[in-house]
Each structure stands twice: as C-alpha cells, then as structure tokens.
Amino acid sequence: MFTECKSYLVEHLKAAGIKSNPFTSMAALSKSMESHIGAVLFEKETLLRNGSKTQFIEDGARKKRRKVFDRKLSFTVIIGEYTDEAVEAIYEKFIASLEAGLYVDGNYIAIEAEEAEWIEKDDSILKSKLAVQVMITFDGGIYRDTDFKKLTGLEVVSVEKGKEPSQDGN
C-alpha cells in the first residue's frame, strides 16, 4: 500500500505541473537549490486493530475477508514556485485531480486532503518565493482471506412434499 500511495501522489504532482521529479526525502529536498519544486514526503503510519469481516466469491468458492488492522498513511506534498500565481495554479490542479480513493490489490483505500499550510520564502528552507504543503491521508487496511471450512459427515435426505422423513432415511 505504501508504494502505491506514494507513486499515486508523485504521478498526480507531475500531472499538475511539476516538471522535475518530485523529491521523496527531506535530506534531498533541503539540499535543493531549485525554486520550482515538488516533494512527496512520508510522515507517519497508524495502525488500529479491527475485526470486521466480509464474504466474497473467488473462482466459484466462497471466502471470508477479515480486516485485521485499519491502516492510515500520511504524506506531506510540497509545491514551490517562482510566483504566487504559479504555486496556486499547480496546487489547485493537484487537489482537483485527487480521486475519492483507489484500489490496491482489490482493496479500496480512501484519499483525504487534510490541511494545507502556505509558507513564504523567509519562513522556509526552500528557495521558492512561495510554497504550499498539504497533508494527504490514505485510509486502508491489512486483510486476511480465508476459505470456509468444508462440511463433512453430513447425510443428504430428500423429503417429498407433504410426507415426514422416516428415521431410516426413506
């Protein structure tokens, strides 16, 4: 899930107008001397035990899917530019491109943009005149699929309508 979420953000940042490859580490970002900048930085992951279950059919067999943990990944996306207008244009295009969620291995992961902070040149290590950093959170889970137990030792008895079954099965 981590790799897919990070790739999703990098692709959408490029599509929004970031021309260079977005940075994915704070060390590389702090060494950058560029004014036109994009970054996708991992912030944190939280796990919470969950026991919910659902049933599905795969290849004709009924299966159970248990959500073992709720998993929440948070990334900070940074956009910096030469002018205020350029930052805002890329930011708005990026936010507008985010879908409500995505599927990873058949599991739905919700996407939320949580908060944005605008940073002036004097308040940042970046060389950009203005930058915006927005927190993007992915809500998914860790799942375990199991088959249903096979029933053994059962005898099938047919009953005609209106007749009671006999003890010997006839």
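Everything discussed here concerns the structure shown above.
Since the structure is predicted, the reported quantities are computational estimates derived from the model, not experimental observations.

Details of the overall build of the protein
Step number 1: Regarding its fold elements, the protein presents three helices and six strands.
Step number 2: In the protein, the order of α-helices and β-strands from amino to carboxyl end is α-α-β-β-β-α-β-β-β.
Step number 3: Every one of the 170 residues in the protein was classed for burial, and the buried ones make up 34%.
Step number 4: A separation threshold of at least 6 residues defines the contact pool for the protein, and within that pool the share at least 24 residues apart is 65%.
Step number 5: Total accessible area computed for the protein in this model is approximately 11200 Å², and 49% of it derives from carbon and sulfur atoms.

Side note on the nonpolar core
Step number 1: Ranked by size, the top nonpolar core spans 27 residues in total, and within it Leu9, Val77, Ile79, Phe94, Ile136 and Phe138 carry the most contacts.
Step number 2: Mapped by element, the contributors of at least two residues to this core are helix H1 (2-16), strand E3 (61-81), helix H3 (84-97), strand E4 (101-104), strand E5 (107-120) and strand E6 (130-147).
Step number 3: With six residues, the top contributor of residues to this core is H1.
Step number 4: Sequence-distant contacts of Phe138, defined by excluding residues within four places in its chain, comprise Met1, Cys5, Tyr8, Leu9, Arg71, Lys72, Leu73, Phe75, Leu102, Ile109, Ala110 and Ile111.
Step number 5: Within the second largest apolar cluster, six residues are counted, among which are Phe23, Ile37, Leu41 and Ile78.

Examining the packing of H1 against H3
Step number 1: At a closest axis distance of 8 Å, the pairing of H1 and H3 adopts a crossing angle of 135°. One finds that H1 runs oblique with respect to H3. Relative to H3, H1 is oriented so that their crossing is right-handed. In this structure, H1 uses Tyr8, Leu9, His12, Leu13, Ala15 and Ala16 to contact H3, whose residues at the interface are Ile90, Lys93, Phe94 and Ser97.
Step number 2: Its residues assigned to classes, the contact of H1 with H3 shows seven nonpolar, two polar and one charged.

Some thoughts on H3
Step number 1: Taking 1.5 Å as the rise per residue, H3 with 14 residues should run 20 Å; its terminal C-alpha atoms sit 20 Å apart, in good agreement.
Step number 2: Within the sequence span of H3, burial applies to Val87, Ile90, Tyr91 and Phe94. Angular distribution of buried residues about the axis of H3 spans 100°; they occupy a single face of the element. Facing away from the buried surface of H3 by more than 90 degrees, the exposed residues are Glu85 and Ala96.
Step number 3: Where H3 is buried, its residues contact H1, E3, E5 and E6.

Let's talk about the environment of Asp139
Step number 1: Following the sequence through the fold, Asp139 ends up in strand E6.
Step number 2: Measuring from C-alpha to C-alpha, the distance between Asp139 and Tyr108 comes to 8.6 Å, with 31 residues separating the pair along the chain.
Step number 3: Excluding residues within four positions of it along the chain, Asp139 makes contact with Arg71, Lys72, Tyr108, Ile109 and Ala110.

Here is what the cut-offs are and how they apply
Residues numbered from 1 in each chain as written. Predicted model: local features only at pLDDT ≥ 70, side-chain atom pairs only at ≥ 80, totals over all residues. Heavy atoms only, no water. Helix = DSSP H or I, 4+ residues; strand = E, 2+ residues; numbered from the N terminus. Buried < 20%, exposed > 50% of the residue type's maximum accessible area, 1.4 Å probe, protein only. Contact = heavy atoms within 4.5 Å. Areas by Shrake-Rupley, 256 points an atom, 1.4 Å probe, with all protein chains shown as cover. Core = buried A, V, L, I, M, F, W, Y, C linked by side-chain atoms within 4.5 Å. Axes fitted to C-alpha atoms, helices over the stretch in contact; angles between N-to-C directions. Parallel < 35°, antiparallel > 145°, perpendicular 65-115°, else oblique. Left-handed = near helix turned anticlockwise from the far one by under 90°. Nonpolar A, V, L, I, M, F, W, Y, C, P; charged D, E, K, R; others polar. Expected span 1.5 Å × (residues − 1). Arc of directions from axis to C-beta.

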